[in-house]
Amino acid sequence: MTDFTHKEKEYFMAQALKEAQKSLAKEEIPIGCVIVKDKEIIGCGHNAREELNQAIMHAEIMAIEEANTKMGNWRLPDTALFVTIEPCVMCSGAIGLARIPQVIYGANNQKFGAAGSLYNILRDERLNHRVEVETGILKEDCASIMKDFFRKRRIKKE
C-alpha cells in the first residue's frame, strides 16, 4: 500500500480529471483514471464507449490495460488507482482481478457505484482480494464535471 500525502492525492486526482476532460471533449461521460506505482503514473484511461463503440471502455478498464502492458503483468500489486467517480460493478471486478490494493475516488456514484454506494465489491469479505478505498479527494471538482455534462445533455435533448 502506498502512503500518499494529501497534496499527492490531489495531484493524482487532478491527473485523473485531465483524463476526464478527454472524454468530455468527445461528448463521452467524463470519467478519468490513473494508476500509480512508486508515485509515477503507469496507466491512464478515460471513458471511450461511444468513440470505440465498446461497452467495456470505461476509464478504469483502459487504465488497467495500459498498466498491465507497461508492467508486463496482469497483476498490479503495489499500485493505487485514482478515479474521478466511484467504480461501477464491472470496474470494481476488474480492479479486484488485477489485484490493485488501493482505490481513491473523488465523488460517489449513487446510481452505479460498487465501492460503497450501491454495492461494496472492493471490500466484500467473501472475495479473495479486498481493496483499501478512500473517497472525497477533489470531490467537488469530480462531481461538478459530471453534473455539468448531464445538465448540458438534458438541455440539448429539449
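What counts as what
- Residues numbered from 1 in each chain as written.
- Predicted model: local features only at pLDDT ≥ 70, side-chain atom pairs only at ≥ 80, totals over all residues.
- Heavy atoms only, no water.
- Helix = DSSP H or I, 4+ residues; strand = E, 2+ residues; numbered from the N terminus.
- Polar contact = N/O pair within 3.5 Å; in protein donor to acceptor, adjacent residues only side chain to side chain.
- Expected span 1.5 Å × (residues − 1).
- Buried < 20%, exposed > 50% of the residue type's maximum accessible area, 1.4 Å probe, protein only.
- Contact = heavy atoms within 4.5 Å.
- Phe/Tyr/Trp six-rings, centres within 6.5 Å; stacked < 30°, edge-to-face > 60°.
- Arc of directions from axis to C-beta.

1. Thoughts on the side chain of Asp124
Logical step 1: Turning to its location among the elements, Asp124 is positioned in the loop between β4 (102-107) and β5 (132-135).
Logical step 2: At 2.6 Å, the side chain of Asp124 forms a polar contact with the side chain of Arg126.

2. A word on helix α1 (residues 6-25)
Logical step 1: Its 20 residues give α1 an end-to-end C-alpha distance of 29 Å, which sits within 8% of 28 Å, the value for a rise of 1.5 Å per residue.
Logical step 2: Buried within α1 are the following residues: Lys9, Phe12, Met13, Gln15, Ala16, Leu17, Glu19, Ala20 and Ser23.
Logical step 3: Where the residues of α1 are buried, they touch β1 (32-37), β2 (40-46), β3 (79-85), β4, β5 and α5 (139-157).
Logical step 4: Residue Glu27 follows α1 closely and has a positive phi angle near 60 degrees.

3. Quick word on the packing of aromatic side chains
Logical step 1: Inspection of every chain in the model, using the stated rule, returns 5 aromatic pairs.
Logical step 2: With a centroid separation of 5.4 Å and an interplanar angle of 40 degrees, the aromatic rings of Phe12 and Phe82 are classed as tilted. With a gap of 70 residues between them, Phe12 in helix α1 and Phe82 in strand β3 connect regions that are remote in the sequence. The residues Phe12 and Phe82 share a single accessibility class, namely buried.
Logical step 3: For the pair Phe149 and Phe150, a centre-to-centre distance of 5.0 Å together with 80 degrees between the ring planes defines the contact as edge-to-face.
Logical step 4: A network of ring pairs unites the aromatic residues Phe4, Tyr11, Phe12 and Phe82 as a single cluster.

4. Quick word on α5
Logical step 1: Taking 1.5 Å per residue as the helical rise, α5 with its 19 residues ought to reach 27 Å, and the 27 Å between its terminal C-alpha atoms agrees with that figure.
Logical step 2: Among all positions of α5, only Cys142, Ala143, Ile145, Met146 and Phe149 are buried. One side of α5 holds all its buried residues, which, seen down the axis, span an arc of 160 degrees. Away from the buried face of α5 by more than 90 degrees, exposed residues Glu140, Lys147, Lys152, Arg154 and Ile155 are located.

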